[in-house]
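So the chains spell out like this:
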Amino acid sequence: MDSRRPLTPAAIVAGIVLAGAGVPGFQADQRPVFRTTAALVAVDVQVVDRSGQPVAGLKPEDFTVELNGRRRRVVSAEMFHHSAGVAGAAGRDPAAAPGAVPGAPEGRNIILAIDESSFRTLNALAAVQAVKRFVGRLNPADLVGLYTYPVHGPEFVLTTDHAAVLEDLSHVVGTLHLPRSEYGLTVSEIADVTAGDRDVLMSIARRVCPNNPSSCNTPIRDEAQSLALAFEGQVSQSVSGLRTLLTALRGYDGRKILVLVSAGLLATDRVGARPDVASLVDYIGRDAAAANTTLYVLHMDSSFIDAFSPQGGRVSASFMRDAAALGAGLERFAGIAGGTLLRVSAGTGDDMFDRVLRETSAYYLLGVEPEEEDRDGRPHRISVSVRGRGLEVQSRAFVVIPERGGLDRERLTVLLAAASAR
């Protein structure tokens, strides 16, 4: 039976949770609520071992949480396991996993965001097939939504009708159009020329105007600026489409897993160079953190295959640097948002999608006690670590704690929960 959940603003839980009091905005199948006499910040984190399997049995004292570098007390730590799990991916029955908590939500809220403008047509087909296989391995109870950008229609629904999602994926296409360069400038050369690197400029001039290099200096500079502007426009469109999604997710209650699939997001590697998109990437990184999502960024890197294909043309001396620049924006985005960057440069990418399935099959809900100084309605960088060798923690990057007595209806970064009575 299909379960659909429209992506619409929801009530935000804020204020003081009193013993025995109900909490408005929560639904029983989304996030557990316990009784307490103190207001806590609820932080959901994933803890996995070296093989990517969720780790059970951790206690509050095993976690260390810092807000802006200052340690805060972890009052409670409860593990919740999606009962259907990832048996198809991991080869085991996750319902039997130790530490699973009865009553935890069965299905995950998974949003698939695909940047169509980053893919060439042929590469988009391969990426879509990988995403389809991922959807085919999801739990029947998982709610899934497909969001393509930078252009997307007004409707966006999370649904258990996975067949409908697979059908929608069949309509995903690659729309990448690279600006044409008369002088054959590479991304790295554009960055160097716009940064004022005279040596690179002269090298290009000798290449394209061997008889009179100096006559080409000004035209090359002009083209580099023009191409940089075009690239900045493309990145801006992608960022705008992604910010639309992230803004909507801020008003959606429930734990969310955002799987972003892209062939690259350009960012330069030197100061003063263009295309300069660092501020744009920083904005969406903060948006993702504010949306309180568990973020996975899959970089479907086809640069090597493209370069050495019959249609690839000249392989430049800066090929490796150019390829790195295409992934730099995604790496920066994932870092600021507190997400995980997974790079797929060969093969089908199924191993990376399986990793997403394993790691998201369970999570801990921590009850963290803030200090009065934290209750200022401003973003605080949050850091979560766990005791034990070889364990990896994934959590949000920022938390915003409303002032005491205030009601913040604009953010979904703070939910107040309580520690169970002991």
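Here is what the cut-offs are and how they apply
- Residues numbered from 1 in each chain as written.
- Predicted model: local features only at pLDDT ≥ 70, side-chain atom pairs only at ≥ 80, totals over all residues.
- Heavy atoms only, no water.
- Helix = DSSP H or I, 4+ residues; strand = E, 2+ residues; numbered from the N terminus.
- Buried < 20%, exposed > 50% of the residue type's maximum accessible area, 1.4 Å probe, protein only.
- Contact = heavy atoms within 4.5 Å.
- Disulfide = S-S within 2.5 Å.
- Axes fitted to C-alpha atoms, helices over the stretch in contact; angles between N-to-C directions.
- Left-handed = near helix turned anticlockwise from the far one by under 90°.
- Nonpolar A, V, L, I, M, F, W, Y, C, P; charged D, E, K, R; others polar.
- Parallel < 35°, antiparallel > 145°, perpendicular 65-115°, else oblique.
- Salt bridge = Lys/Arg side-chain N within 4 Å of Asp/Glu carboxyl O.
- Arc of directions from axis to C-beta.
- Polar contact = N/O pair within 3.5 Å; in protein donor to acceptor, adjacent residues only side chain to side chain.
- Expected span 1.5 Å × (residues − 1).
- pLDDT = per-residue confidence, 0-100.
- Phe/Tyr/Trp six-rings, centres within 6.5 Å; stacked < 30°, edge-to-face > 60°.
- Pairing = 2+ DSSP bridges.

Overview of the environment of Val-239
And then number 1: Along the chain, Val-239 falls in helix H6 (residues 217-250).
And then number 2: Classification of Val-239 by relative accessible area gives buried; the value is 4%.
And then number 3: In the structure, Val-239 is positioned 44 residues away from Tyr-283 in sequence and 8.7 Å away in space, judged by C-alpha atoms.
And then number 4: Sequence-distant contacts of Val-239, that is, excluding residues within four places in its chain, are made with Leu-280 and Ile-284.

Section: the state of the cysteines
And then number 1: Scanning the model with the defined rule gives one disulfide in all.
And then number 2: For Cys-209, the disulfide goes to Cys-216, at an S-S distance of 1.6 Å. Handedness here is read from the sign of the S-S torsion; for Cys-209 and Cys-216, about -75°, the answer is left-handed. As far as the burial class goes, Cys-209 and Cys-216 line up, both buried.

Some thoughts on the packing of helix H7 (residues 278-290) against helix H9 (residues 319-337)
The angle between the axes and the distance between the axes are what describe a pair of packed helices.
And then number 1: Between H7 and H9, the least distance of the axes is 8 Å, while the angle of their chain directions is 35°. The way H7 lies across H9 gives a crossing that is right-handed. For the pair H7 and H9, the contacting residues are Ala-278, Val-281, Asp-282, Ile-284, Gly-285, Arg-286, Ala-288 and Ala-289 in the first and Gly-329, Arg-332, Phe-333, Ile-336 and Ala-337 in the second.
And then number 2: By residue class, the composition of the contact of H7 with H9 is eight nonpolar, two polar and three charged.

Some points on the environment of Asn-217
And then number 1: Take Asn-217: it is sitting in helix H6.
And then number 2: Take Asn-217: its relative accessible area is 12%, and that puts it in the buried class.
And then number 3: A C-alpha to C-alpha distance of 6.8 Å links Asn-217 and Leu-201, two positions 16 residues apart in sequence.
And then number 4: Asn-217 has contacts with Leu-201, Met-202 and Ala-205, leaving out every residue within four places of it along the chain.

Some words on the packing of helix H4 (residues 187-194) against H9
And then number 1: Axis separation between H4 and H9 bottoms out at 8 Å; the angle between their running directions is 85°. Relative to H9, the element H4 is oriented roughly perpendicular. Contact residues: Val-187, Ser-188 and Asp-192 in H4; Arg-321, Asp-322 and Ala-325 in H9.
And then number 2: Of the residues assigned to the contact of H4 with H9, the class counts are two nonpolar, one polar and three charged.

Focus: the pattern of salt bridges
Pairing between side chains of opposite charge can happen when the charged atoms of each approach one another.
And then number 1: Under the defined criterion, the tally for this structure stands at 22 salt bridges.
And then number 2: Among the salt bridges present, the one from Asp-192 reaches Arg-270, with a minimum N-O distance of 2.8 Å. Pair noted here: Asp-192 is in helix H4 and Arg-270 is in the loop between strand E8 (256-262) and H7, with a separation of 78 residues, a long-range link.
And then number 3: Here the residues in one salt-bridge network are Asp-192, Asp-197, Asp-269, Arg-270 and Arg-321, joined through shared partners.

Quick word on helix H5 (residues 198-208)
And then number 1: Among the residues of H5, Val-200, Leu-201, Ile-204 and Ala-205 are the ones counted as buried. Relative to the axis of H5, the buried residues are bounded by an arc of 135° and lie together on one face. In this structure, H5 carries Arg-198 and Asp-199 as exposed residues pointing more than 90 degrees from its buried face.
And then number 2: Lining the buried residues of H5 we find H4 and H6.
And then number 3: Of the residues that open H5, the one with a side-chain oxygen 3.1 Å from the backbone nitrogen of Asp-199 is Asp-197.

Quick look at H9
Since there are 3.6 residues in each turn of an α-helix, residues three or four apart along the chain are aligned in direction.
And then number 1: For H9, spanning 19 residues, the distance from its first C-alpha to its last is 28 Å, which sits close to the expected 27 Å at 1.5 Å a residue.
And then number 2: Here H9 has its buried residues at Phe-319, Asp-322, Ala-323, Ala-325, Gly-327, Gly-329, Leu-330, Phe-333, Ala-334, Ile-336 and Ala-337.
And then number 3: Of the residues trailing H9, Gly-338 is marked for its positive phi of about 75°.

Some words on the confidence of the model for the chain
And then number 1: Residue-level pLDDT values for the chain average 79, and 77% of them are 70 or greater.
And then number 2: Of the regions scoring below 50 in pLDDT, residues 308-312 engages in four contacts with residues more than four places distant in sequence or in other chains.
And then number 3: Counting interchain partners and residues more than four positions distant, the pLDDT-below-50 stretch residues 406-422 has 73 contacts.

Quick word on the side chain of Ser-238
And then number 1: In this structure, Ser-238 sits in helix H6.
And then number 2: A polar contact of 3.1 Å, which involves the side chain of Ser-238, links it to the side chain of Asp-115.

Some thoughts on the packing of aromatic side chains
And then number 1: Counted according to the given criterion, the structure contains four aromatic pairs.
And then number 2: Where Phe-134 meets Phe-353, the ring centres are 5.2 Å apart and the plane angle is 40°; that geometry is what we call tilted. With Phe-134 in helix H2 (residues 121-136) and Phe-353 in helix H10 (residues 350-359), this residue pair connects regions lying 219 residues apart in the sequence. As far as the burial class goes, Phe-134 and Phe-353 line up, both buried.
And then number 3: When the centroid spacing of 6.2 Å and the interplanar angle of 25° are considered together, the rings of Tyr-147 and Tyr-149 count as stacked.

Here's the deal with the pairing of strand E12 (residues 379-386)
And then number 1: Of the two faces of E12, the one lined by His-380, Ile-382, Val-384 and Val-386 is fully buried and the one lined by Pro-379, Arg-381, Ser-383 and Ser-385 carries no buried residue.
And then number 2: Relative to E12, strand E3 (residues 63-67) runs antiparallel, the two sharing five bridges. By the bridge assignment for E12, Thr-64 is matched with Ser-385.

Regarding the pairing of strand E4 (residues 70-81)
And then number 1: Alignment of E3 against E4, held across three bridges, turns out to be antiparallel. Its bridge partner being in E4, Leu-67 is matched across the sheet by Arg-70.
And then number 2: Connecting the antiparallel pair E3 and E4 is a turn made up of two residues, with Asn-68 showing a positive phi of about 50°.
And then number 3: Alignment of E4 against strand E11 (residues 362-369), held across eight bridges, turns out to be antiparallel. Residue pairing across strands places Val-74 opposite Val-368, the latter belonging to E11.

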